[in-house]
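# Report on the structure
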Amino acid sequence: MKVSLFVTCLVDQMWTSIGVSSVEVLRRVGCEVEFDKRQTCCAQPAFNTGYLDEARLVARRFISIFEESKADAIVSPSGSCTAMVHHYPQLFAGDSKWLPRAQAIAAKTHELSSFLVRVLKKEDVGASWNGRLTWHDACHGLRDLNIKSEPRALIRNVRGAEFVELEHADSCCGFGGTFSVKYPEISVAILDQKIDAIERAGVQAVVSGDASCLMQIGGRLSRKGSKVRVMHLAELLNESSQQ
Amino acid sequence: MSNSARESILGSIRTHLAASPAPDVEEHQAPPKIPVSKSDPINRFKESVESVAGHCIITTDATNVLKQILTELNAQRIAYSDNPPNAHDIFGYEVGISTAQAAIAETGTLVLDSACERHRLVSLVPPVHIAIVNASAVVETLSDALALLQKKEISPAITFITGPSRTADIELTLAIGVHGPQELYVIVDGSK
Amino acid sequence: MNHLSSETFKENARAALADVQLRGALKNATSLFGARRKEAAASLPNWEDLRTQARAIKDEVLLHLDRYLEEFVRNAESRGATVHWARDAAEANTIICGLAKERNARIVVKSKSMTTEETHLNDALEAAGMQVIETDLGEYIIQLAHEPPSHIIAPAIHKTRQQIGELFTAELGMPPTDNVDQMTSTARAKLRDRFAAADVGISGVNFAVAETGTIVIVENEGNIRLTTSLPRLHIAVMGIEKVIPRFTDLDVFLKLLPRSGTGQRLTTYQSFITGTKRAPTDEGPDELHIVLLDNGRSRMLAHPVTRQSLACIRCGACLNACPVYQQVGGHAYGSVYPGPIGAVITPQLMGIQKAAQLPYASSLCGACREVCPVKIDIPRLLLHLRGEISPRKGSRAERVAFKMWARVMTSPSLYKLSSVAGRILQRVTPISRAWTNGRDLRPIESKSFHDLWSNE
C-alpha cells in the first residue's frame with residue numbers, strides 16, 4: 001500500500017516528531033510512504049475565519065499537488081486538517097471544474113487512526129509504553145469524521161499502557177483555531193474544564209489525534225507546572241520498549 | 001394597514017425563496033414506529049401518571065373512589081366541569097373535578113376537549129384536580145391521540161395534562177404546584 | 001433595563017468570566033440540562049429518525065412558507081381568530097398596543113414569549129400606560145430584577161436560589177429563605193389575582209398548524225393556560241417560521257421539543273387553541289388575535305444555509321451543549337437569543353453591524369449540531385456568516401494578513417522563508433501575546449519536517 005503523507009503545516013513547523021512517528025508507524029505496518037515537498041497547508045485557517053477566496057487559492061494548490069500522486073491514499077496525522085479536505089467539495093460547490101477534483105481528493109484523504117483501523121484493519125502496531133494515559137477526542141475528528149472507537153482500539157493494544165476514559169473526553173479543549181487568540185480568556189476557561197478532568201484522571205499522559213489540541217492542552221498543563229505529558233497518537237504508537 | 005403588511009411579508013418570502021439556490025431537500029419519511037410494549041395499556045398509563053407525581057386509581061367503582069378521595073382531602077368547595085363556577089369565584093375552590101375524553105398510556109397524559117365539557121378552569125385553578133376517564137378511552141401513543149382528535153373538527157380548546165403543575169426555573173430544582181394544580185388524581189373507570 | 005450589547009460581546013464575556021457565582025450557576029444548570037436531555041433522547045430508539053423527519057418537515061414548510069402561512073391564516077380566521085401581519089418589531093408593538101388600548105386595557109398578563117422579548121413589547125405596553133406582568137416564574141424573577149433573560153427556556157438560570165430568595169424578600173416582602181418550594185408558593189400567591197384582574201393575555205406560540213389553524217403552546221406551570229383562558233382578549237405572537245403543515249406533524253415535534261429542552265417526555269400542559277369559542281357562554285376569551293412577525297425572518301429564506309436557521313424550535317439544547325455558553329452565559333451575547341442559535345440568528349435579525357462579533361465567538365466544536373433536534377448545522381452557518389463578515393468587515397490588518405498567508409502557502413520558497421521569519425518573530429506577535437496569556441507557547445522547531453525529510 002502506497003501512502004502520500006499530508007503532514008500539515010502545524011506539524012511541519014511546530015511538532016515534527018508527530019510527522020516522523022507517523023511515517024515510522026506507517027512503514028512498520030507495511031506501507032510505502034511518499035512525501036511531496038511542495039505541500040504547505042490545507043487552508044483551514046482561512047476557511048474558518050471567513051476568507052474563502054484565500055482558502056480556495058490554497059485549496060486548489062493542495063488538490064493540484066496531491067492529485068498527481070500515484071499513492072493509494074493520502075494520510076494525515078490531523079483530524080481537523082483531514083476534515084478540512086473533506087470540506088473541499090463545499091468550498092468548490094457550483095464550480096464545475098474544481099468540484100469533481102475536490103471530491104476525488106476528499107475521498108482519498110484519511111486521518112491516521114481511521115486509516116490504520118478502517119482501511120488497513122490494523123489495531124495492533126506493536127507499540128509499548130508504560131504508564132497510565134487517557135484520550136481527548138478532538139472535535140473535528142470526532143464529529144466530522146466519526147473517529148471515536150479507532151484510537152481507543154489502537155491504544156488498548158499498546159503493551160504496558162493503562163488506559164482510562166477521560167470524563168467529558170468529547171468536550172472541546174477550547175482551541176478552535178483563531179478563536180484561541182481572538183477570545184483567549186474564553187478559550188482558556190473552556191480549557192480549564194479539560195485540565196480539571198485530566199488532573200482528576202490521575203494520568204501520566206494525555207493522548208490526542210490533533211496537534212492543535214495538544215498545543216492547547218499542553219500549553220496550559222506546562223503553565224500550571226503539571227507533570228502530565230501530552231502525546232500525539234502517532235508518537236504513542238511509535239513508542240516501543242526497544243527504544 | 002394590515003393588508004399591505006401581509007402583501008409585503010408574503011412578497012418578501014416569495015422573493016427571497018426565488019433568489020435561493022436549489023436546496024437538497026431530504027425525503028419526508030415517517031420514522032419507523034417503535035413497537036408498543038405488549039403489557040396492558042391501562043397499567044402502563046397508571047405507571048406513567050405516577051412517574052410524573054400524579055395519583056392513579058384503576059377501579060370499577062369510580063363513584064366510591066371519588067368519594068374516598070374527597071373525604072381524605074376534607075374538601076368543602078368542589079367545582080364540577082359540568083356546571084363550573086364563574087371565573088371570578090373559582091379561585092376560592094379547593095377541588096376541581098372533570099372527566100377526560102382520552103388518555104395516553106405512553107406519557108400518562110389526559111386529553112380534555114372543550115367541545116365535550118367545560119374543563120379549562122376546573123382542571124386548572126383549584127389546587128387539586130380529579131379527572132375521571134373511561135378505561136376504554138386509554139390509547140397507546142401521542143400519535144393515536146392526535147389521530148383521534150382529528151376525526152372530527154378540532155374544537156376551540158383542547159388541553160393535554162400530564163401530572164400536576166411544576167417548574168424548574170430556580171436552579172433547575174423541581175417544585176410541584178405552580179400556577180396549575182398541586183395535586184392530580186386520575187380515576188380510570190374500568191366499568192366502561 | 002440594563003441590556004448588554006452584542007457589539008461588546010468580548011467585554012461582556014470577560015466580565016462574565018470574572019463572576020464566580022454566575023459560572024457556578026451556569027455549570028450546574030447546563031450540565032443538569034445536558035444530562036437530562038441525553039437520557040431522554042436515549043430513551044427513544046428512533047430518536048435519529050425523528051430528527052430527520054422533523055428537519056424534513058421544516059424544510060418543506062420553509063420552501064413553501066407563503067403557501068403554508070396563507071393556509072394557516074385562512075383556517076384560523078374561519079374559526080374566528082383575527083390575524084395581523086407585522087413586518088417588524090415596531091409594527092408588532094403598535095398592533096398589540098393598539099388592540100389593548102382599544103379595549104381600555106389596564107392590566108396585561110404575559111406568558112413567556114421570546115418573540116415579544118425580541119420586539120421589546122413590554123416597554124411599548126408600559127409606555128402606553130399599561131401594567132405588564134410576566135407570569136412564567138423565570139420571567140417573573142427577571143422582571144423583578146430588571147434583567148433580560150439569559151436562556152431561551154430558563155430565563156433566570158443565571159441566578160442562584162440565594163439571589164432569588166434575596167430578590168423576593170426585597171421586592172415582595174417574603175420572609176428570608178432559600179427554599180425553592182417557599183419561593184414558588186410566594187410567586188404563585190402574588191400572581192394569582194393578577195390573572196383574574198387582567199384585561200389582556202399575551203402568549204407566544206410553539207407551533208401553528210396550517211391544516212387546522214390551531215396554535216399549540218407548551219408549558220409546565222399552568223400560567224399559559226391561565227393567561228390564555230381568563231382575560232377576554234388573547235393575543236398570540238409568533239414568528240412566521242412557527243408554521244407546521246399538518247396536525248399529525250405535532251407528534252414528531254412534541255416528542256422532540258420537551259426532551260431536548262428539559263429532558264421531559266412531555267411538559268405538563270399542551271394547549272391546542274383553534275379560533276374562538278363557539279357560544280358566548282362557553283369558557284375562554286371572547287377574542288383571539290394572532291400576530292405574525294417577520295422582523296428579518298423572510299430574508300433568511302434566500303439561501304439553504306441560512307434558511308435552516310428558521311427550523312429552530314427554541315428548545316435551548318444548543319445553549320446547554322455549547323462550551324462558550326457554558327462559560328459566559330446568555331447575557332454576554334447581548335441578545336434575546338444567546339448561545340449557538342443566537343450567534344447565528346442575532347446577526348441575521350438585527351443586522352450584521354450590530355452583532356459582528358457573535359459568529360466568531362465559537363470554537364466550531366459542533367456539539368450544538370449534535371444535540372439540535374432539527375439538525376441545524378450551526379457550525380456551517382457560523383462559517384457562512386464569517387464568510388460574509390470577514391472580507392468586508394474584518395480588521396484591515398487581518399485581511400492583509402490572510403492575503404499574505406495565501407501567498408506564502410502557495411509558494412514553496414515563501415513558505416520556507418516564513419518559517420525562518422516565524423522562528424525570529426514568534427514571541428512578539430499579537431497572536432503570541434494573546435496565546436501566552438494563559439498558556440505556554442511551543443516554539444517553532446529549528447528544523448521543519450520538510451527539512452528532516454530532505455535528510456532522508
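Residues numbered from 1 in each chain as written. Chains lettered and ligands numbered in written order. Predicted model: local features only at pLDDT ≥ 70, side-chain atom pairs only at ≥ 80, totals over all residues.

## Structural notes on the sheet that holds strand β3 (residues 73-76) of chain A
Think of a sheet as strands paired side by side through backbone hydrogen bonds, with each pair either parallel or antiparallel. All names here are of chain A. So the rule is basically this: Strand pairing is assigned whenever DSSP identifies at least 2 bridges connecting the two strands. Every helix listed is a DSSP run of H or I at least four residues long, and every strand listed is a run of E at least two residues long, numbered separately from the N terminus. Lines are fitted to the C-alpha atoms to define the axes, a helix being fitted only along its stretch in contact, and any angle between axes, read from their N-to-C directions, falls within 0 to 180 degrees. Two residues qualify as a contact pair if the distance between their C-beta atoms, derived from the backbone, is within 7 Å.
Strand order in the open sheet formed by 4 strands is β2-β1-β3-β4, with parallel pairing between adjacent strands. The two strands at the open ends of the sheet, each matched to only one other strand, are β2 (32-34) and β4 (109-111). Between one strand axis and the next, the sheet turns through 35 degrees on average, direction left out of account. Relative to β2, strand β1 (residues 2-5) is paired through 3 bridges, and the arrangement is parallel. Within β2, the position partnered with lysine 2 by the bridge is glutamate 32. Taken strand by strand, helix α8 (residues 112-119) contacts β3 and β4, and its axis lies near 100 degrees from that of β4.

## Here we look at the interface of chain B and chain C
Note the threshold: Throughout this entry, Asp, Glu, Lys and Arg are counted as charged residues, while Ala, Val, Leu, Ile, Met, Phe, Trp, Tyr, Cys and Pro are counted as nonpolar. The remaining residues, Gly among them, count as polar.
Between chain B and chain C, the contact holds 61 residues from the first and 80 residues from the second. Looking at the side of chain B that touches chain C, the elements that each hand over two or more residues are α1 (2-19), α4 (142-149), β8 (157-161) and β9 (166-167) of chain B. No other element matches α1 of chain B, which puts 12 residues into the side of chain B that touches chain C. Split by residue class, the side of chain B that touches chain C holds 31 nonpolar, 21 polar and 9 charged. Of the pairings in the sheet, the one linking β8 of chain B to strand β9 (residues 269-274) of chain C comprises 5 bridges and is antiparallel in character. Paired with isoleucine 161 of chain B across the bridge in β9 of chain C is tyrosine 269 of chain C.

## Quick notes on the confidence of the model for chain C
Stated precisely, the cut-off is as follows: Each residue carries a pLDDT score, the predictor's confidence in it, ranging from 0 to 100.
The pLDDT averaged across chain C works out to 95; a share of 99% of its residues lies at or above 70. Among the scores for the predicted complex, ipTM is 0.95 and pTM is 0.95.

## Brief notes about the sheet that holds strand β3 (residues 95-99) of chain B
Residue and element names in this part refer to chain B. Spatially, β1-β11-β6-β3-β2 is the arrangement adopted by the 5 strands of the open sheet, whose pairing is parallel. Only two strands of the sheet have a single neighbouring strand rather than two, namely β1 (55-59) and β2 (78-80). Looking at each pair of strands side by side, their axes are set apart by 20 degrees on average, direction ignored. Judged from the 3 bridges that link them, β2 and β3 form a sheet pairing that is parallel. Bridge pairing links tyrosine 80 to isoleucine 97 in β3. Packing against the sheet, helix α2 (residues 41-51) makes contact with β1 and β11 (183-189), and its axis sits at approximately 160 degrees to β1. Most of the contacts of helix α3 (residues 62-73) go to β11, to which it runs at about 160 degrees, and overall it touches β1, β2, β3, β6 (128-134) and β11.

## Structural notes on the domain arrangement of chain C
This is how it is decided: Each domain's limits were defined by an automated method or a database of domain assignments.
Split by domain assignment, chain C resolves into domain 1 (6-298) and domain 2 (396-454). Centre-to-centre separation of domain 1 of chain C and domain 2 of chain C, based on C-alpha positions: 50 Å.

## Points about the pairing of strand β5 (residues 128-136) of chain A
All names here are of chain A. Two elements, β5 and strand β6 (residues 159-164), share 5 bridges in a ladder whose sense is parallel. Paired with glycine 131 across the bridge in β6 is alanine 161. Pairing geometry for β5 and strand β7 (residues 205-208), over 4 bridges, is parallel. Bridging across to β7, leucine 133 finds its partner in alanine 205.

## Some words on the interface of chain A and chain C
Listed by partner, the interface residues are 48 residues for chain A and 50 residues for chain C. Mapped onto the side of chain A that touches chain C, the elements with two or more residues apiece are α1 (9-14), α2 (16-28), α3 (44-49), α4 (52-66), α9 (139-144), α11 (179-182), α12 (184-201) and α13 (211-223) of chain A. Residues that form the side of chain A that touches chain C fall into these classes: 24 nonpolar, 14 polar and 10 charged.

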